[in-house]
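Topology and contacts: notes
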Amino acid sequence: MSLFSLRPATQLWPPVLLGSQFVFNIGFYAVVPFLAIFLRDDMLLSGGLIGLVLGLRTFSQQGMFIVGGALSDRYGAKVIILCGCVIRVVGYLLLAFGTSLGPIILGACLTGIGGALFSPSIEALLAKAGSQSETQGKRSRAEWFALFAVCGELGAVLGPVAGALLTGLGFRQVALAGAGVFIIALVVLFFCLPSRQNTQQTLAILPWWTTFRQPRFVAFIIAYSSWLLSYNQLYLALPVEIQRAGGSEKDLGPLFMLASVLIIAFQLPLARFARRAGAARIIPIGFLLLSASFLSVACFAATEPAEGWMRLLPSACFVSLLTLGQMLIVPAAKDLIPWFAQESTLGAHYGALSTAGGCAVLAGNLVFGSQLDHALTPSTAAIYPWLLLAFFPLCSAIALVIICRPVRASLARQP
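Here's a quick rundown of the structure. Everything numeric in this text was worked out from a predicted model, so none of it was measured.

Okay, the overall build of the chain next. On a plain count of helices and strands, the chain comes out with 16 helices and 0 strands. A burial count over the chain gives 55% of its 415 residues as buried. For the chain, contacts bridging at least 24 residues in sequence account for 85% of all contacts bridging at least 6. Carbon and sulfur atoms provide 67% of the accessible area of the chain, an area that totals close to 17,500 Å².

See below:
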């Protein structure tokens, strides 16, 4: 018997969403972690230009989530998810065959736009499925998002390993392999995702507009945006620290695997703990951990690297603390989004959450790309970029304590 019918599915099966995240992360992490190294070593770009390219890629994805989410609300998740897969394949092909900066930038942006289409659509579908599960007394919405993160990290375990194995053949082969993964995902999701059901409900032409009529939600996504800015430093700042420590691109694989192992082992227990403590209380703690991750590198930035594997200790501390903060922040924040949104605008609200982060990454990378050039060699000046990076999540932690106060009160009154 075939794994799926030759006709598209008629009902949503939540494990399909978890599996899609697994496959998408294989295709993503096999390519993007090695993009900065390709730009520095093969394209011979400066830190500022590398920061610009990576910032544009992230902004094209996270910054355009509001568009992808609104399109999903308007036309249905399935068609937008499939379009996103096609666009990402085209972007990877441009990265594979581009020989100058123009096609590389275009390819990087297209990979981001593809993600901007499929990611908020999948998250909105999962939020609806999680709400139904929770009302039935089954797995909570936050736990579904935690499982979503675990499945993503299972893909993230395999992605960097596959990318590291292919780097010996050249970045072109890495990008082609990523394109192949998304071609497979395109075919499978065509059959496994249900089409949008016909409904008599009037559709809002611009559902995304309502997301910006809520001052507290706008403040929430602005404060939350420093998470994506911090997480993006795995691709911009982490390679810089590895180079300062005398490492190489091969060290990226084990460090990304460390993050994946932490998430696979602790994401669900931490999600259950966060549910008991309350999402609005947990999120600021997560941002304090993000700030601590940058401070852990700042403590070593001025000193000569240690011998042997100990040279990677600052990088390991950075990855571990950043990952722990992520595990507390992301499922809790996504669980809070339905508190701000109606079901008809869930996609736009999830998109707005990431759009704010994309804007922060674009602006931040333009600043940090050149500043991190000072962190390539041990010196007193190498400390300051890491202190600057630590400042933003610290501010978010303080702001979110205030922003989430009425959310805590409202959730506490619920039975």
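What follows is about empty space enclosed by the protein. Applying the stated rule across the entire model yields 2 cavities of 30 Å³ or more. Its boundaries defined by the atoms lining it, the largest cavity holds a volume of some 710 Å³. For the lining of the largest cavity, the elements supplying multiple residues, two or more each, are helix 1 (14-29), helix 3 (47-63), helix 6 (101-135), helix 7 (141-166), helix 9 (215-231), helix 13 (313-340) and helix 14 (346-371). Taken together, the residues that form the lining of the largest cavity break down as 17 nonpolar, 12 polar and 5 charged.

Turning next to helix 2 (residues 35-42). Of the positions making up helix 2, those classed as buried are Leu35, Ala36, Ile37, Phe38 and Leu39. Where helix 2 terminates, the next one or two residues include leucine 44, which has phi positive at roughly 60 degrees.

The subject of this paragraph is the packing of aromatic side chains. All told, the structure shown has 14 aromatic pairs when counted by the stated rule. Each ring, one from phenylalanine 145 and one from phenylalanine 148, has its centre 6.5 Å from the other, and the planes form 85 degrees; the classification is edge-to-face. Residue phenylalanine 145 and its partner phenylalanine 148 are located together in helix 7, separated by 3 residues, close to a single helical turn. Taking the relative accessible area as the measure of exposure, phenylalanine 145 reaches 2% and is therefore buried. With a relative accessible area of 6%, phenylalanine 148 lands in the buried category. A centroid spacing of 5.7 Å and a plane angle of 75 degrees characterise the contact between phenylalanine 391 and phenylalanine 392, whose relative ring orientation is edge-to-face. By relative accessible area, which is 45% here, phenylalanine 391 ends up partly exposed.

Across soluble globular proteins, you tend to see nonpolar side chains buried next to one another. In terms of nonpolar packing, the biggest core is built from 112 residues, with Phe220 and Trp386 touching the most fellow members. Each residue touching tryptophan 386, except ones within four places of it in the same chain, is listed here: Ala237, Glu241, Phe294, Val297, Ala298, Ala301, Phe318, Leu372 and Ala375.

This next bit is on the packing of helix 1 against helix 7. Their axes nearest at 7 Å, the elements helix 1 and helix 7 cross at an angle of 30 degrees. Here helix 1 is positioned roughly parallel relative to helix 7, judged by the angle of their axes. As helix 1 packs across helix 7, the resulting crossing turns out to be right-handed. For the pair formed by helix 1 and helix 7, the contact residues are Pro14, Leu17, Leu18, Gln21, Phe22, Asn25, Ile26 and Tyr29 on the first element and Trp144, Leu147, Phe148, Cys151, Gly152, Glu153, Leu154, Gly155, Ala156, Leu158, Gly159 and Pro160 on the second.

Attention now goes to the pattern of salt bridges. Charged atoms that come close allow side chains of opposite charge to pair. Applying the stated criterion across every chain yields a total of 3 salt bridges. Put simply, glutamate 241 and arginine 244 hold a salt bridge, and the shortest N to O gap is 2.9 Å. Placement of the pair is glutamate 241 and arginine 244 together in helix 10 (residues 233-244), with a separation of 3 residues, close to one helical turn. Relative accessible area serves as the criterion here: at 1%, glutamate 241 is assigned to the buried category.

Another point: the environment of serine 248. Among the secondary structure elements, serine 248 is positioned in the loop between helix 10 and helix 11 (252-277). Along the primary structure serine 248 and isoleucine 37 are separated by 211 residues, whereas in three dimensions their C-alpha atoms are 9.5 Å apart.

To continue, consider a nonpolar patch on the surface. Where nonpolar side chains cluster on the molecular surface, the patch consists of Leu366, Val367, Leu388, Phe391 and Phe392 and spans about 420 Å² of accessible area. Among the elements of the structure, helix 14 and helix 15 (383-403) are those that each provide at least two residues to the nonpolar patch. Top contributing element to the nonpolar patch by residue count: helix 15, with 3 residues. A relative accessible area of 32% means that leucine 388 is categorised as partly exposed.

Mapped onto the fold, serine 121 is located in helix 6. In this structure the side chain of serine 121 is engaged in a polar contact, spanning 2.9 Å, whose partner is the backbone oxygen of leucine 117. Excluding its chain neighbours within four sequence positions, the residues that come into contact with serine 121 are Gly68, Ser72, Ala77, Ile80 and Ile81.

What follows deals with helix 6. With 35 residues, helix 6 should cover 51 Å at 1.5 Å per step; its first-to-last C-alpha distance of 51 Å lies within 8% of that length. Positive backbone phi, approximately 75 degrees, marks glycine 137, located one or two places after helix 6.

Criteria and cut-off values
Residues numbered from 1 in each chain as written. Predicted model: local features only at pLDDT ≥ 70, side-chain atom pairs only at ≥ 80, totals over all residues. Heavy atoms only, no water. Helix = DSSP H or I, 4+ residues; strand = E, 2+ residues; numbered from the N terminus. Buried < 20%, exposed > 50% of the residue type's maximum accessible area, 1.4 Å probe, protein only. Contact = heavy atoms within 4.5 Å. Areas by Shrake-Rupley, 256 points an atom, 1.4 Å probe, with all protein chains shown as cover. 1 Å grid on protein atoms, 1.4 Å probe; cavity = no way out; pocket = protein on both sides within 12 Å on 5 of 7 lines; lining within 4 Å. Points joined across faces, edges and corners; volume = space filled by probe spheres on them. Nonpolar A, V, L, I, M, F, W, Y, C, P; charged D, E, K, R; others polar. Phe/Tyr/Trp six-rings, centres within 6.5 Å; stacked < 30°, edge-to-face > 60°. Core = buried A, V, L, I, M, F, W, Y, C linked by side-chain atoms within 4.5 Å. Axes fitted to C-alpha atoms, helices over the stretch in contact; angles between N-to-C directions. Parallel < 35°, antiparallel > 145°, perpendicular 65-115°, else oblique. Left-handed = near helix turned anticlockwise from the far one by under 90°. Salt bridge = Lys/Arg side-chain N within 4 Å of Asp/Glu carboxyl O. Patch = residues over 30% accessible without salt bridge, like charges linked within 9 Å, V, L, I, M, F, W, Y side chains within 5 Å. Polar contact = N/O pair within 3.5 Å; in protein donor to acceptor, adjacent residues only side chain to side chain. Expected span 1.5 Å × (residues − 1).

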